[in-house]
There are 2 protein chains.
Amino acid sequence: MASLDSLQAALDYRFRDGGLLERALTHRSHGMPHNERLEFLGDSVLNFVVSTLLFAEHAEMDEGDLSRVRSNLVKQSALADIAQTLSLSVHLRLGEGELKSGGFRRPSILADALEAIFGAIYLDGGYPEISRVIERLYRPVLAHIDLRTFGKDPKTLLQELVQGRGHPLPRYEVLATRGAAHDQLFDVVCEIAPLGIREQASGTSRRAAEQAAASQAIAAIEALGPARRTARRRKPAQLSLPVAVAQDGAQSKTRNTPQDKT
Amino acid sequence: MASLDSLQAALDYRFRDGGLLERALTHRSHGMPHNERLEFLGDSVLNFVVSTLLFAEHAEMDEGDLSRVRSNLVKQSALADIAQTLSLSVHLRLGEGELKSGGFRRPSILADALEAIFGAIYLDGGYPEISRVIERLYRPVLAHIDLRTFGKDPKTLLQELVQGRGHPLPRYEVLATRGAAHDQLFDVVCEIAPLGIREQASGTSRRAAEQAAASQAIAAIEALGPARRTARRRKPAQLSLPVAVAQDGAQSKTRNTPQDKT
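Throughout, residues of each chain are indexed from 1 in the direction in which the sequence is written. As they are written, the chains are lettered A onward and the ligands numbered 1 onward, keeping that order. Where local features are concerned, this predicted model is filtered to residues with pLDDT of at least 70; where side-chain atom pairs are given and counted, the filter is 80 or more; whole-chain, interface and lining totals use all residues. Hydrogen atoms and water are omitted, and side-chain values are computed over all heavy atoms in the structure.

Under an unreviewed UniProt entry, chain A has the name Ribonuclease 3 and belongs to Castellaniella ginsengisoli. UniProt positions are given in the numbering used here, feature names are shortened, and annotations may be inferred rather than shown by experiment. Annotation of chain A in UniProt includes, under Subunit (unreviewed entry), the sentence "Homodimer." Reading the Cofactor (unreviewed entry) entry of the UniProt record for chain A gives the comment "Mg(2+)".

What follows is the structure in structure tokens.
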């Protein structure tokens, strides 16, 4: 295990009780005491600090928006990303089995350890300190997302985009299903007739294929340039950044050339 | 709306900004500003305070136990129960439609308003005050539950009970399904052969019927009196209090007489 000085510097927090930090870094595969109770505590303090931050700084967001943004800020992949900026993996204490199978790279192990560290800082330094630490780690994340679209799936984003331009809803159609029952592939097309857009994609579920097709349709609309109706209100570039990629089974994509670029 | 003095006395908290309390009591059906953003904030402060309390006072509980107890303490029905001890319903501000349909009795509306009040107290008085208020409201709840069993479903409780007595797992069997496809009723039996227990119950799903049968089997085991093997470790009466009732479709129950009460 590397010296914990660099980690404490990266966190901008120095522990009075270094044992708490060591416990936060100890996966259950390594033995007792491990970090799971600290993770329980850290999960709830993280949720609270992020909620407070969003509530105080975004009076324009309603409850649904606040919940959507919060859940995407505290989810496993977001925490694993922050853990990587802290080089957390070199500090983890894992059992033999987890070490050999590359557990120090597993997003779940990284995310859990980061939550445990938050719990440990709260116990060690109290609420003002953990609030400061979490806010400092999340500022760069918040600076790079568009809160209006963050965490929305491609189908939702596409629907809002075409409605904002005054067009009818996108139409999805399953063109074919291929393969055996346990290993099916769905071919789906997403059509927005008034824009001449017809995007085809495949996925291991109908939902995954539709999300992939919606993702391509958003790119196709952005390639059309700003719509006249909403050009003053909406910067289309803002839609391209946070589009969630349909990861759950999207396998291939076939970009059709839009037939009509009016 | 009744005077808010009585509510503040029941909460043991007096607002500096009475407008915050009024907003916390305002359902969206009544108009803006309503309580939904405060509910977002209150949900997370409640979760945090309860987590801190459980973590600090129950070193014997592992992460799974802590999560199980927390989620059952902060769920809608638990919050609605606390809301009733505060007579919250007489203070709610509802729109015409909700008023007529008895919205002031709806558990979801009561629970949401209570969470909003927690958010409002946090904004008005800071963390120490909301921590004190929540802890005071939850002390009586915590005093009346058995943390080892709280929130566990009957099947889980029954399994732990029979394993604790050194018996094999309960056996569940579907005896019959009755009715049309959209309105089926399942007849299930739960058998613990070494104890001569055979309990039969019905439900609108296999799961609901099994939970109902397990619930009856627990009662039947308790009627047998304390087991010799574990009499010193386990008070059987503790199992009867927090048994979650299988509400999702249990319709009738047929108590069979245990064939053998050794």
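A. How the structure looks around the environment of L114 of chain A. All names here are of chain A. The topology assignment puts L114 in helix 7 (residues 107-125). Spatially, the C-alpha atom of L114 lies 9.9 Å from that of Q84, the residues being 30 residues apart in sequence. Note on contacts: a residue pair qualifies if any of its non-hydrogen atoms lie within 4.5 Å across the two residues. Not counting the four nearest positions on each side in its chain, L114 is found in contact with L79, I82, A83, L86 and L88. Numbering of helices and strands runs from the N terminus; a helix is a DSSP stretch of H or I covering at least four residues, while a strand is a stretch of E covering at least two.

B. Geometry of the packing of helix 9 (residues 154-164) of chain A against helix 10 (residues 206-224) of chain A. All names here are of chain A. With axes taken as lines fitted to C-alpha atoms, and helix axes fitted only over the stretch in contact, angles between N-to-C directions fall between 0 and 180 degrees. At a minimum axis separation of 8 Å, helix 9 and helix 10 run at an interaxial angle of 40 degrees. By the angle class used here, helix 9 and helix 10 are oblique. When you trace helix 9 past helix 10, the crossing you get is left-handed. From helix 9, P154, K155, L157, L158, L161 and V162 reach across to helix 10, where they touch E210, Q211, A214, S215, A217, I218 and I221. Within the contact of helix 9 with helix 10, the residues separate by chemical class into nine nonpolar, two polar and two charged. Geometric relationships in this document are graded by angle, where less than 35 degrees denotes roughly parallel, more than 145 denotes roughly antiparallel, 65 to 115 denotes roughly perpendicular, and other angles denote oblique. A clockwise turn of the near helix away from the far one marks a right-handed crossing, whereas an anticlockwise turn of less than a right angle marks a left-handed crossing. Under this grouping Gly is polar, as are all residues other than the nonpolar Ala, Val, Leu, Ile, Met, Phe, Trp, Tyr, Cys and Pro and the charged Asp, Glu, Lys and Arg.

C. The arrangement of the pairing of strand 3 (residues 197-203) of chain A in detail. All names here are of chain A. A 1.4 Å probe rolled over the protein chains alone gives each residue an accessible area, and that area as a share of the maximum for its type sets the label: buried under 20%, exposed over 50%, partly exposed in between. With respect to burial, strand 3 is a largely interior element, five of its seven residues being buried. Relative to strand 3, strand 2 (residues 185-192) is paired through seven bridges, and the arrangement is antiparallel. Each residue of the ladder has a partner; that of E191, found in strand 3, is R198. Any two strands with at least two DSSP bridges between them are considered paired. Adjacent in sequence and paired antiparallel, strand 2 and strand 3 are bridged by four residues, among which G196 carries a positive phi angle near 65 degrees.

D. Structural context of the interface of chain B and chain A. With 26 residues of chain B at the contact, the number on the chain A side is 26 residues. When chain B packs against chain A, close to 2,300 Å² is buried across both sides, 68% of that on carbon and sulfur atoms. Of all residues in chain B, R37, F40 and F55 of chain B bury the most surface against chain A, accounting for 38% of the area lost on that side. Any carboxyl oxygen of Asp or Glu within 4 Å of a side-chain nitrogen of Lys or Arg constitutes a salt bridge here. Our count for the chain B to chain A interface comes out at two salt bridges. Between D43 of chain B and R70 of chain A there is a salt bridge, and its shortest N-O distance comes to 3.8 Å. Residue assignment for the side of chain B that touches chain A shows that the elements contributing at least two residues are helix 3 (36-57), helix 4 (63-73) and helix 7 (107-125) of chain B. Within the side of chain B that touches chain A, the residues separate by chemical class into 13 nonpolar, six polar and seven charged. Throughout, the accessible surface (probe 1.4 Å) given up by two parts as they are put together, summed over both, is called the buried area.

E. View of the packing of aromatic side chains. Each Phe, Tyr or Trp ring, with Trp reduced to its six-membered ring, pairs with another whose centre is within 6.5 Å; inter-plane angles below 30 degrees give stacked pairs, above 60 give edge-to-face pairs, and intermediate values give tilted ones. All told, the structure shown has 10 aromatic pairs over all chains when counted by the stated rule. Centre to centre, the rings of Y127 of chain A and Y127 of chain B are 5.8 Å apart; their planes meet at 10 degrees, and the pair counts as stacked. Placement of Y127 of chain A in helix 8 (residues 127-143) and of Y127 of chain B in helix 8 (residues 127-143) is noted, with the two residues assigned to different chains. An aromatic cluster is present here, built from F48, Y122 and Y127 of chain A together with F48, Y122 and Y127 of chain B joined pairwise through their rings. Whether a charge sits over a ring comes down to the Lys NZ or Arg CZ being within 6 Å of the ring centre and within 35 degrees of the ring normal. Looking at R37 of chain A, its charged tip hangs above the ring of F55 of chain B, at a distance of 4.5 Å from the centre. The positively charged end of K155 of chain B is found above the aromatic ring belonging to Y172 of chain B, 4.7 Å away from the centroid.

F. Region of the structure containing the UniProt feature "active site" (unreviewed entry) in chain A. UniProt tags D43 and E115 of chain A as "active site" (unreviewed entry). Annotated residues spanning 73 residues; largest pairwise C-alpha distance 5.5 Å, indicating a single compact cluster. As for its position among the elements, D43 of chain A is in helix 3 (residues 36-57). On the basis of relative accessibility, which here comes to 29%, the residue D43 of chain A falls in the partly exposed class. For D43 of chain A, the residues in contact, after removing those within four places along its chain, are E115 of chain A together with R70 of chain B. As for its position among the elements, E115 of chain A is in helix 7. Contact partners of E115 of chain A, with chain neighbours within four places excluded, come to L38, E39, G42, D43, L46 and L79 of chain A.

G. Structural context of helix 8 of chain A. Residues and elements named next belong to chain A. Expected span of a helix: the number of residues minus one, times 1.5 Å. Look at helix 8: 24 Å from first C-alpha to last across 17 residues, which is about the 24 Å you get at 1.5 Å a residue. Roughly 30 degrees is the biggest bend found in helix 8, and it falls at L137, with proline P140 one to four residues downstream. Where helix 8 is concerned, the buried positions are Y127, I130, S131, V133, I134, L137, Y138 and L142. One axis is fitted to the seven residues ending at the residue and one to the seven starting there. The bend at that residue is the angle between these axes.

H. Geometry of the side chain of R165 of chain B. All names here are of chain B. By secondary structure assignment, the location of R165 is in the loop between helix 9 (154-164) and strand 1 (171-178). It turns out R165 is buried and unbridged, and the closest side chain with the opposite charge, E222, is 7.7 Å from it. A distance of 3.5 Å separates a polar atom in the side chain of R165 from the backbone oxygen of G225. Here Asp and Glu are counted as negative and Lys and Arg as positive; His is not counted, and neither are the chain ends. Residues adjacent in sequence count toward polar contacts only when both atoms are side-chain atoms; beyond that, a polar contact is any pair of N or O atoms within 3.5 Å, and within protein one must be able to donate a hydrogen and the other to accept it.

I. Geometry of the pairing of strand 2 (residues 185-192) of chain B. Residues and elements named next belong to chain B. Summarising burial for strand 2: seven of the eight residues are buried, a large majority. With seven bridges connecting them, strand 1 and strand 2 associate as antiparallel partners. Bridging from a neighbouring strand, V174 pairs with V188 of strand 2.

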